[in-house]
Amino acid sequence: MNDLKRKAMELNGMKEDTDSRMSAELLPRKKLKRKVQIWLENVERINGEAQSLDGQIGESSHFTRGFHADDVLKRIREVEELIQQGKFQDGLVVDDPQWIGQVLSTTRMLFEALSRKRRSVIILDDLWQEVSLDKVGIPEPSTGSKLVLTTRSFDVCRKMSCRAIKVKPLVEEESRKLFPEKVGRGILNIPEVELIAEKIVERCAGLPLGVITVASCMKDIDDLCE
């Protein structure tokens, strides 16, 4: 019986590993192989039978315990077979036939993938209007999940019930440091260009994206008229 318990422990370790693999391999349009399903059912069955047999032996007298020997040996052989069968080196899943020839919308694929994740951070960048989370396949944020959006409109934050965190523009000194990094310091060594650059930085009003975009467009341009 002790031998049976040791082998059952090894089998259940394999089952835990299989459960972890299932979480990774069961993607949309995939299903568990039938032989994997049968194996999992047999593991549950043999666990129940081993537990029941252990109870029966514990209640038996010293004179009658020997009558259970054949049952124990039979269960040991079954557990050994299940250990051999449970390696599944060719994977746990196959394509689900019900999806063949059907179009799975990206909305549903997004939704199905994200719903399986307990903890996730989803970032929606540069929104100009309210977005329906259902329509783009994003589950409602729950415990452990966060939805972050960036927008220039407080109205968007209000409509999507977000906690607004205002990002302040750069101070003039920070803008003056950022601009040369993108435009190239060699260009600013030309006196006339340096004066123009200062006016451009002032017009960007401390918006990092504005400074980066304009400076990148001017990179390595030394023609004063341009």
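As a reminder, the structure under discussion sits directly above these lines.
Note that the structure is a prediction, hence the values are computed from the model and not measured. (Residues numbered from 1 in each chain as written. Predicted model: local features only at pLDDT ≥ 70, side-chain atom pairs only at ≥ 80, totals over all residues. Heavy atoms only, no water.)

Enquirer: Outline the overall build of the protein chain, supporting the account with residue identities and numerical values.
Expert: A tally of regular secondary structure across the protein chain gives eight helices and four strands. Listing the helices and strands of the protein chain from first to last along the sequence gives α-β-α-α-β-α-β-β-α-α-α-α. In terms of overall size, the protein chain is more extended than a compact globule, its C-alpha atoms giving a radius of gyration of 33 Å where 226 residues would be expected to give roughly 17 Å. Each principal axis of the C-alpha atoms in the protein chain carries an extent, and together these give about 105 × 40 × 35 Å. Across the 226 residues in the protein chain, those meeting the buried criterion constitute 29%. Contacts spanning at least 24 positions in sequence make up 76% of the contacts within the protein chain whose residues lie at least 6 apart. (Helix = DSSP H or I, 4+ residues; strand = E, 2+ residues; numbered from the N terminus. Rg over C-alpha atoms; globule rule 2.2 N^0.38 Å. Buried < 20%, exposed > 50% of the residue type's maximum accessible area, 1.4 Å probe, protein only. Contact = heavy atoms within 4.5 Å.)

Enquirer: Can you explain a nonpolar patch on the surface? Please cite residues and give values.
Expert: A cluster of nonpolar side chains, contributed by Val121, Ile123 and Val148, occupies part of the molecular surface with about 280 Å² of accessible area. Relative to the helices and strands, Val148 is located in strand 4 (residues 145–151). Overall, the relative accessible area of 37% leaves Val148 in the partly exposed class. (Patch = residues over 30% accessible without salt bridge, like charges linked within 9 Å, V, L, I, M, F, W, Y side chains within 5 Å. Areas by Shrake-Rupley, 256 points an atom, 1.4 Å probe, with all protein chains shown as cover. Salt bridge = Lys/Arg side-chain N within 4 Å of Asp/Glu carboxyl O.)

Enquirer: I'd like a rundown of the packing of helix 2 (residues 34–59) against helix 3 (residues 69–85), residues and numbers included.
Expert: Across the interface, helix 2 lies against helix 3 with an axial gap of 11 Å and an inter-helix angle of 155°. When the interaxial angle is binned, helix 2 and helix 3 end up roughly antiparallel. For the pair helix 2 and helix 3, the crossing hand works out as left-handed. Together, Trp39, Asn42, Val43, Arg45, Ile46, Glu49, Leu53 and Ile57 of helix 2 and Asp71, Val72, Arg75, Glu78, Val79, Leu82 and Gln85 of helix 3 make up the contact between the two elements. (Axes fitted to C-alpha atoms, helices over the stretch in contact; angles between N-to-C directions. Parallel < 35°, antiparallel > 145°, perpendicular 65-115°, else oblique. Left-handed = near helix turned anticlockwise from the far one by under 90°.)

Enquirer: Describe the packing of helix 6 (residues 172–183) against helix 7 (residues 191–203), and please don't skip the residues or the numbers.
Expert: It is at 10 Å that the axes of helix 6 and helix 7 come closest, and there the two elements cross at 125°. By the angle between their axes, helix 6 is oblique relative to helix 7. Regarding helix 6 and helix 7, the two cross each other, and that crossing is right-handed. In this structure, helix 6 uses Ser175, Arg176 and Phe179 to contact helix 7, whose residues at the interface are Ala197, Glu198, Ile200 and Val201. Its residues assigned to classes, the contact of helix 6 with helix 7 comprises four nonpolar, one polar and two charged. (Nonpolar A, V, L, I, M, F, W, Y, C, P; charged D, E, K, R; others polar.)

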